[in-house]
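# Structural characterization, general
Spelled out, the chains give:
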Amino acid sequence: MMLCVDSRIRDIATMPRGGPDASWLDRRLQTDRLEYLDRDDVDDLKHKVMDSLDRAGRRRGIGIHDKCVQMVLREVADVPAPRILELGAGLGGLSRKLLEKHPTAQVTVTDIEPAFVAGMAAGDLGSHPRATVREMDATEIDVPPGSYDLAVFALSLHHLPPELAARVFAAGTRAAKKLLIVDLPRPPAPLHIVLLAAVLPLIRISPLQHDGFISSLRAYSPAALRALGRHADPSITVEFRSRRGLGPTVAVASRSTRHRQPEGSGV
Ligand SMILES: C[S@@+](CC[C@H](N)C(=O)[O-])C[C@H]1O[C@@H](n2cnc3c(N)ncnc32)[C@H](O)[C@@H]1O
């Protein structure tokens, strides 16, 4: 039995970002290199990347924050006053727009990075009557089961290696009825090479492109997301809401009550 658990953990730890059956070429298109956003020795670059990302995300109509808000609203359409947990909120752009668009949503806005959390707490979100800002690790969500109607983790899952990403599935589907993951797409390998080649010349001059290049190599495919959910708990189902083309990968994970395992099982 112990042997079986050990090999399950080893399998998920070494799972390619393209999923268990990723092609030879796809397996070459990944890296363990850290983004500036993941490092503690480059604060200035980290803040530059986060500011650029948030600026891009805020662009009305075309920014990712508006798109994520629409996805969140669709998932909680039948809940009159939804309780929503945002994980990895960065500077809080998504939650800010969500609070604007939904008059009764209660939003807990969190990130693992203390400086981002301090910035959000000191700004408008910190004093918003329907928002709570706090530090939280998406892999260890310290709230009672079922505390939220929806947890959302946007543009962040690829930052985590597979063992930790699986824990987000376990913790997110325990804390909330549904876990919405929005992340960079993983294009088919030949197209991925072309897109990476186009960005490569810019990575030395633009911190955002540097992190974007690494993010693309670390993006999980739908097959990988399914495997992460399964590894986290066999009762977790993962459905996809992604559109055709190069838009974000959008997945909704939840636990089917029929297969629900006792508290504390899974990863
Ligand atoms: C690329 S940023 C995305 C920020 C924001 N969601 C957005 O769309 O603008 C990734 C965020 O994930 C956060 N993050 C990384 N690992 C995390 C973890 N284990 N738990 C919670 N947040 C995490 C980082 O601090 C960072 O703010």
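To be clear, the structure that these remarks concern was listed above.
So, here is what we can say about the structure in this document. All of these numbers come straight from a predicted model, not from anything done at the bench.

### Section: the site of the ligand
- Close to the ligand lie 23 residues; Gly88, Gly90, Ile112, Ala138 and Ser156 are nearest.
- Elements with a contribution of two residues or more to the shell around the ligand: helix 3 (43–58) and helix 5 (93–101).
- Among the elements that make up the shell around the ligand, the one with the highest residue count is helix 3 (3 residues).
- Grouping the amino acids of the shell around the ligand by side-chain chemistry returns 12 nonpolar, 7 polar and 4 charged.

### Side note on the sheet that holds strand 2 (residues 106–111)
- Taken together, 7 strands build an open sheet; the order of strands is 3-2-1-4-5-7-6 and the sheet is mixed. Because the sheet does not close on itself, it has two edges, and the strands there are strand 3 (131–135) and strand 6 (236–240). Across the sheet, the axes of successive neighbouring strands diverge by a mean angle of 20°, strand direction being ignored.
- Of the strand pairs in this sheet, strand 5 (residues 176–183) and strand 7 (residues 249–255) are connected by 5 bridges, and their pairing is antiparallel. Within the sheet, the bridge partner assigned to Leu180 lies in strand 7 and is Val252.
- Packed on one face of the sheet, helix 4 (residues 64–75) meets strand 1 (83–87), strand 4 (148–154), strand 5 and strand 7 and runs near 155° to strand 5.
- Sheet strands touched by helix 11 (residues 222–232): strand 5, strand 6 and strand 7. Its angle to strand 6, the strand with the most contacts, is close to 160°.

### Some words on the packing of helix 4 against helix 5
- It is at 9 Å that the axes of helix 4 and helix 5 come closest, and there the two elements cross at 55°. Taken together, the axes of helix 4 and helix 5 lie oblique to each other. Note on packing geometry: the crossing formed by helix 4 with helix 5 is right-handed. Side by side, helix 4 and helix 5 meet where His65, Asp66, Cys68, Val69, Val72 and Leu73 of the first sit next to Gly93, Leu94, Lys97, Leu98 and Lys101 of the second.
- Its residues assigned to classes, the contact of helix 4 with helix 5 comprises 6 nonpolar, 2 polar and 3 charged.

Definitions and cut-offs
Residues numbered from 1 in each chain as written. Predicted model: local features only at pLDDT ≥ 70, side-chain atom pairs only at ≥ 80, totals over all residues. Near = placed C-beta within 6 Å. Helix = DSSP H or I, 4+ residues; strand = E, 2+ residues; numbered from the N terminus. Nonpolar A, V, L, I, M, F, W, Y, C, P; charged D, E, K, R; others polar. Pairing = 2+ DSSP bridges. Axes fitted to C-alpha atoms, helices over the stretch in contact; angles between N-to-C directions. Contact = placed C-beta atoms within 7 Å. Parallel < 35°, antiparallel > 145°, perpendicular 65-115°, else oblique. Left-handed = near helix turned anticlockwise from the far one by under 90°.

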